[in-house]
Amino acid sequence: MTWWMQCRLRTKIFLVFSVIILLVLVLTLWITQLMVSRQVESVLKSELLVTERVFRRAMKVHSDHLLTQSELLASDFALKQVIATYDPSTLFPVAQNYRNRMGVDVLWVTDEKGMLLADSSGKFTAGKNLAIFPALSGAFAAEKPTAIFTEIEGTLVQITVVPVLAPGIIGFLLLGTHIGDAIAQQLGKETGSEISFLTAERLFASSWPLAQRHLLTESRRPTTEISQGVPGTPFLVRLQGERFLSLLVPIQAQITPPLHALVQRSYDAALAPLAALRWRLAGIGLAALLGALLLGGVLTASITSPIQTLVKGMQQVLQGNFNQRIPVNRQDEIGFLGVSFNEMVCGLEEREKLKYTFGRFVSKDVASAVLNDRIPLAGERREVTILFQDIRNFTTISERTDAAALVQILNQFFTEMVSAVEAEGGVVKQFTGDGVMALFGAPNSYPDSAARAVRAALGMVYRLESLNVRLRRPGIPDLRIGVGIHTGEVIAGLIGPDSRVEYAVIGDAVNLASRIEGLTKELQATILVTDETASRLGSGFTLGRTAIMAVKGKDKPVGVVEVLG
């Protein structure tokens, strides 16, 4: 989630766009495959049902053909005469001859009781009672042409039993075909399917190759379907990794358990065209995905490019460049955002100009405090350190200097004095002709306001030395200053009518600080502080002379201390 939050907007839009398209593509492929698979399965099931009908018809045609051959042969007069002899040695070569001519696997001749007279294959000997086979016994008892499926000596046969009349029954003629692999393969070719003859316990014949036939016997699904009695319903069987749609066709046979024909077609082979279709769809989808991603990239760029321009403009504004403007050439929400940004920057530029202009007439700290509503309208009592500075003998200097040069000197002088005050966090409250009044502790509070004020005074002296070197010219003496500092409680706030107010501090501490600056002339000192200020300086300053001085407006004298460094 952290990675996502740190991603660029363009990356987020592109990823979301890509994921949506990919999901739509995968969903389309899945739905297509599902629908086509169901369609193929439905068609395959229909074909299997058609195959079932074709199979049944083929088996019936084969049975009818066999029955017709049996009836024609039973009506042959010459055969009747031979049968009437009841001589096995005479009947055996005749049975072999007819069997070869008719192309059948079984040709048996019995007497009227079912006792075998001749077996064309020589498997059974004459005199064997065929009535011991239940299926044949029933056919003998019916005394009419009968076609049956049955198992004889482990072999599945389709056999017809036809009575031989002369005019009464003198025997029975039995013609049959072994239902083996050859029959299964022939039926498989006719139906286009794999055909197997089986019961729940045994596989009799199959069109499957011998190498694969064991897979069918290992799969218990067909026998399970037989045992559950649900033939006629297609089901899937997996053989060596390949799926086959299978259908069980019941066969009326004199066999227990019931006999079925298993008809199978490869489900995966039927779905092979779907795989090709899937690849085609995937190719088309990928092409569409690439096209959509390209389009999405263009769309994303059209959204994020102006936003990036806006971000760069905002970074310029944060660095203080309020001349920044962004071009707006669209009418949508982003265009509205650009217009709003330009309007905002215009407002910030006007505010900055106002603040700059305001700061030229008052301290920057005062201007900032007023603009940010940090000055209580009702005023407040607070302890501050007040600094008064004045130029010595300024009247003499002004008489010897023309007005333009004098203003230039004063501007350079005040630049250094203001820098010294502001370097310590002080506020230049006002210019007093040739001096400044500075506050430490208002409007911003400092616990070491006294130390800051003294360091500012020392800074003034240091800066004045460098300034005198730059201003030195014939006939003009070096500038000298006196600085008075006092710490006390004042009332600070915005004072004046609603049309014109200024930030001011009032109280006896202000007057006393001004008087201390005047005492520097009497004591010939550069920096004088009151005892209240000196007591807050600590050991980091070098102090000089001390004195108790009478101050105008004060009933009691005031202790002062000279600061040397």
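The rules behind each value
- For every chain, the first residue of its written sequence is number 1, and the numbers climb from 1 along that sequence.
- Thresholds applied to this predicted model are a pLDDT of at least 70 for local features of residues and 80 or more for the giving and counting of side-chain atom pairs; totals over whole chains, interfaces and linings are not thresholded and use all residues.
- Neither water nor hydrogens contribute to the side-chain values; these are computed over all heavy atoms in the structure.
- The criterion for strand pairing is that DSSP finds at least two bridges linking the strands in question.
- Note on conventions: DSSP H or I runs of at least 4 residues are helices, E runs of at least 2 residues are strands, and numbering of each starts at the N terminus.
- Axis definition: a line fitted to C-alpha atoms, over the contacting stretch in the case of helices. Angles run 0 to 180 degrees between N-to-C directions.
- A crossing counts as left-handed when the near helix is turned anticlockwise from the far one by less than a right angle, and as right-handed when that turn is clockwise.
- A contact between two residues is defined here by any heavy atoms of the two lying within 4.5 Å.
- As a working rule, the residues Ala, Val, Leu, Ile, Met, Phe, Trp, Tyr, Cys and Pro are called nonpolar, Asp, Glu, Lys and Arg charged, and the rest polar, with Gly in that last group.
- Each patch is built from residues that are more than 30% exposed by relative accessible area and take part in no salt bridge. Like charges join if they lie within 9 Å; nonpolar side chains (Val, Leu, Ile, Met, Phe, Trp, Tyr) join within 5 Å.
- Values of accessible area rely on a 1.4 Å probe in the Shrake-Rupley scheme; residue burial ignores everything except the protein chains shown.
- The term salt bridge refers to a pairing of a side-chain nitrogen on Lys or Arg with a carboxyl oxygen on Asp or Glu at a separation within 4 Å.
- For Phe, Tyr and Trp, where Trp contributes only its six-membered ring, two rings pair if their centres lie within 6.5 Å, and the inter-plane angle classes them as stacked under 30 degrees, edge-to-face over 60, or tilted in between.
- Only protein chains enter the accessibility calculation, which uses a 1.4 Å probe. A residue is then buried if its area is under 20% of the maximum for its type, exposed if over 50%, and partly exposed in between.
- In our convention, an over-ring charge means Lys NZ or Arg CZ found within 6 Å of a ring centre and within 35 degrees of that ring's normal.
- Within this scheme, the nonpolar core is defined by two criteria: the residues are buried Ala, Val, Leu, Ile, Met, Phe, Trp, Tyr or Cys, and they are joined through side-chain atoms within 4.5 Å.

(A) Up close: the sheet that holds strand β1 (residues 106-110). If you trace the five strands from one edge of the open sheet to the other, you get β2-β1-β5-β4-β3, paired in antiparallel fashion. On the outer flanks of this sheet lie β2 (116-119) and β3 (146-152), each paired with one strand and no other. For this sheet, the mean angle separating the axes of adjacent strands, direction not counted, is 25°. Two elements, β1 and β2, share three bridges in a ladder whose sense is antiparallel. Bridge pairing in β2 places V109 opposite A118.

(B) Broad picture of the packing of helix α3 (residues 77-85) against helix α4 (residues 88-102). Running from N to C, α3 and α4 point in directions that differ by 150°, and their axes come no closer than 9 Å. Crossing hand, α3 versus α4: left-handed. On α4, the residues that touch L79, V82, I83 and T85 of α3 are T90, L91, V94 and Y98. Classifying every residue of the contact of α3 with α4 by side-chain character gives six nonpolar, two polar and no charged.

(C) Up close: a nonpolar patch on the surface. Side chains of L27, W30, I31 and M35 sit close together on the surface and give an oily, nonpolar patch of about 440 Å² of accessible area. If you trace the backbone, I31 turns up in helix α2 (residues 9-74).

(D) Geometry of the packing of aromatic side chains. Summed over all chains, the structure comprises five aromatic pairs. Relative to F124, the ring of W108 has its centre 5.5 Å away and its plane inclined at 50°; by these criteria the two rings are tilted. On the criterion of sequence distance, the pair formed by W108 in strand β1 and F124 in the loop between β2 and α5 (134-142) is long-range, its members being 16 residues apart. The class for W108 is buried, based on a relative accessible area of 5%. In this structure an aromatic cluster arises from ring pairing among F413, F414 and F431. Above the ring of Y446, the side-chain terminus of R452 is found at 3.9 Å from the ring centroid.

(E) Examining unusual backbone geometry more closely. Here T256 and P257 are connected by a cis peptide whose omega angle stands at -5°. A cis amide bond links A442 to the next residue, P443, at an omega of 0°. Mapped onto the elements of the fold, P443 is located in the loop between β13 (436-440) and α14 (449-471). The phi dihedral of Y86 is positive, around 55°, even though this residue is not glycine. Of note, Y86 is situated in the loop between α3 and α4. On the accessibility criterion, Y86 (34% relative accessible area) is partly exposed.

(F) Spotlight on the pairing of strand β8 (residues 235-239). Of the two faces of β8, only one is covered, namely that formed by F235, V237 and L239; the face formed by L236 and R238 stays uncovered. Bridge analysis of β8 against strand β9 (residues 242-251) gives five bridges, and the strand direction is antiparallel. Counted as the bridge partner of F235 is S246 from β9. Connecting the antiparallel pair β8 and β9 is a turn made up of two residues, with Q240 showing a positive phi of about 55°.

(G) How the structure looks around the nonpolar core. By size, the foremost hydrophobic cluster in this structure holds 38 residues, and its most contacted members are F413, M460 and I485. Sorting the residues of this core by element identifies β11 (380-391), α12 (394-400), α13 (403-423), β13, α14, β14 (481-495), β16 (527-530) and β18 (558-563) as the ones contributing at least two each. No other element matches the 10 residues that α14 contributes to this core. Each residue touching I485, except ones within four places of it in the same chain, is listed here: T385, I386, L387, A453, V454, A457, I516, I527, L528, V529, T530 and T533. Within the second largest apolar cluster, 25 residues are counted, among which are L44, M59, I179 and A205.

(H) Spatial organisation of the sheet that holds β8. With antiparallel pairing, the five strands of this open sheet are ordered in space as β7-β6-β10-β9-β8. Edge positions in the sheet fall to β7 (203-206) and β8, since each has one partner strand and no second. Strand-to-strand twist across the sheet, computed as the mean angle between neighbouring axes with direction ignored, equals 30°. As defined by bridge partners, strand β6 (residues 194-198) adjoins β7 across three bridges and the pair is classed as antiparallel. Following the sheet pairing, S196 is matched in β7 by S206.

From the geometry alone we can't say anything about function, so treat these as descriptive.
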